[in-house]
Amino acid sequence: MNTNNKQRIFGLDLMRAVAILMVLSSHVLWIYPNKKNIITSAFEVFGLWGVEIFFVLSGFLIGGILYRSYLTTSFGKQEIFVFLKRRWFRTLPNYYLVLIINIGLAYYIGYETKALWKYFFFLQNFSTTMLPFFPESWSLSIEEFTYLLLPFLLFVSLFIKVKNKSIRFISVIGLSMLFFFLTKLYYNFIATSNNMIDWNLSLKSVVIYRVDAVLIGVAMVWIYHNYANIWEKYKRICFLLGTLILMFVFGGVSYFKIYIDSNPFFWNVLYLPINSIGFALFLPVLSQWKTSKQFFAKPIEFVSLVSYSVYLIHYCIVLQLMKFWIDTTKYTMMQLHIFTVAYLITTFTLSFLLYTYYEKPIMNRRNR
């Protein structure tokens, strides 16, 4: 869970690397003609799954930090400040740099932008449909508001007279998850149309409906610390169950014809938490997969380290500029494959430079 190489956990690096590769694969579809087959269907689902993995993993990591602090300190203003300072040093500098670059590119390309001020406060998708500019930022809003909400709720809970801090911690998490489950119920009640476009923009990408995805990861931390024997004993069963859940989500939904127009409750209320729970069930295995062989561990660690930079620049900056400068509409399939390879190489090269010369130096200042 630590960025120190000696303390890195290979399974969690693998989880993060798979997540960013899934996101990348979904956006690669923009390069190719719009065709419907098993591969394109899988890549479309991968886009959703990649972000869901990030949510669950983020919850597991920050949950561990908060849980230890909550149990071992007074969890006052100083502890909350340190937590937020470390989170913001990790996330905000990269985000604001890429946001400013995106604004410049929008004017260069001639792309219409609206309400840009919202992006500086992560309000572009707080309670309403996600704005079209810088679309990948929707997940960052959910993360940032979770970073603010969780410490605040845990701090307020200290005024409740419950001696067992651990029980109080999971009670806060459980009640918060219930609240965000109810927000999805509310959305299902007020939704005027049931189609995938509205679902993507007005539910999946909106903060007030999605914080529970991160909280599921936080809840797994509590299980890890309080039921370590169960975590170890049933980790393979959990992994199998998670796999079956995701197989159902990918193939079973289509096989049983559980479509959004005929089953809006399933899609609006249950579908997203089911995905999050499926990935959370991988954590007992992956969190204990400490190391791997060097030839396998090094590339996974590399992709994991640059994953945040990749997420920020791969679509609206790298791919958008390449598509703007290069007309691929008449390319043969082989030429499109070469274009894709060039896109991936460019993305990882720029992400490595961004991580090495900007992101990492700033993160190193967190402890000062």
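From a predicted model like this one, the values you see are computed outputs, not experimental measurements.

Caption draft 1: Representation of the environment of Leu-215. Checked against the element boundaries, Leu-215 lands in helix H8 (residues 207–226). Note on Leu-215: relative accessible area 2%, which makes it buried. Setting aside chain neighbours within four positions, we find Leu-215 in contact with Leu-150, Ile-173, Ser-176, Met-177 and Phe-180.

Caption draft 2: Representation of the packing of helix H2 (residues 38–72) against helix H5 (residues 138–157) in the model. H5 packs onto H2 with a crossing angle of 25 degrees between their chain directions and a minimal axis gap of 11 Å. Between H2 and H5, the angle falls in the class roughly parallel. Considering only the axes of H2 and H5, their crossing is right-handed. Contacts from Val-51, Phe-54, Phe-55, Ser-58, Ile-62, Leu-66 and Tyr-70 of H2 reach H5 at Trp-138, Ser-139, Ile-142, Glu-143, Tyr-147, Leu-150, Pro-151, Leu-154 and Ser-157. Partitioning the contact of H2 with H5 into residue classes produces 12 nonpolar, 3 polar and 1 charged.

Caption draft 3: View of the pattern of salt bridges. Under the criterion given, the structure shown has 7 salt bridges. Across the pair Glu-44 and Lys-36 runs a salt bridge whose closest N-O atoms are separated by 2.8 Å. Among the residues examined, Glu-44 registers a relative accessible area of 41% and is labelled partly exposed. The exposure class of Lys-36 is exposed, given its relative accessible area of 62%. A salt bridge links Arg-90 to Glu-359; the shortest N-O distance between them is 2.7 Å. With Arg-90 in helix H3 (residues 77–109) and Glu-359 in helix H14 (residues 333–363), the pair connects residues that are 269 residues apart, well separated along the chain. For the pair formed by Arg-90 and Glu-359, the shared burial category is buried. Taken together, the salt bridges that share partners define one network made up of Arg-8, Asp-13 and Arg-16.

Caption draft 4: Broad picture of the environment of Val-253. With respect to the element layout, Val-253 can be found in helix H10 (residues 235–255). Each C-alpha atom of the pair Val-253 and Tyr-271 lies 9.7 Å from the other, and the pair is 18 residues apart in sequence.

Caption draft 5: Summary view of the nonpolar core. Membership of the largest hydrophobic core comes to 110 residues, with the highest contact counts inside it found for Tyr-95, Phe-134 and Phe-169. Among the elements that line this core, the one with the most residues is helix H13 (residues 294–325), at 16 residues. Every residue in contact with Phe-134, bar those within four places of it in the chain, is listed here: Tyr-95, Val-98, Leu-99, Asn-102, Tyr-119, Leu-312 and Cys-316.

Caption draft 6: Expanded view of helix H11 (residues 264–280). The terminal C-alpha atoms of H11, which comprises 17 residues, lie 24 Å apart, in line with the 24 Å expected from a rise of 1.5 Å per residue. When the local axis directions of H11 are compared, the greatest deviation, roughly 50 degrees, occurs at Leu-270, which is followed within four positions by the proline Pro-273. Buried residues dominate H11, accounting for 12 of its 17 residues. Among the residues of H11, Phe-266, Trp-267, Asn-268, Val-269, Tyr-271, Leu-272, Pro-273, Asn-275, Ser-276, Gly-278, Phe-279 and Ala-280 are the ones counted as buried.

Criteria and cut-off values
Residues numbered from 1 in each chain as written. Predicted model: local features only at pLDDT ≥ 70, side-chain atom pairs only at ≥ 80, totals over all residues. Heavy atoms only, no water. Helix = DSSP H or I, 4+ residues; strand = E, 2+ residues; numbered from the N terminus. Buried < 20%, exposed > 50% of the residue type's maximum accessible area, 1.4 Å probe, protein only. Contact = heavy atoms within 4.5 Å. Axes fitted to C-alpha atoms, helices over the stretch in contact; angles between N-to-C directions. Parallel < 35°, antiparallel > 145°, perpendicular 65-115°, else oblique. Left-handed = near helix turned anticlockwise from the far one by under 90°. Nonpolar A, V, L, I, M, F, W, Y, C, P; charged D, E, K, R; others polar. Salt bridge = Lys/Arg side-chain N within 4 Å of Asp/Glu carboxyl O. Core = buried A, V, L, I, M, F, W, Y, C linked by side-chain atoms within 4.5 Å. Expected span 1.5 Å × (residues − 1). Bend = angle between axes of the 7 residues up to and from the residue.

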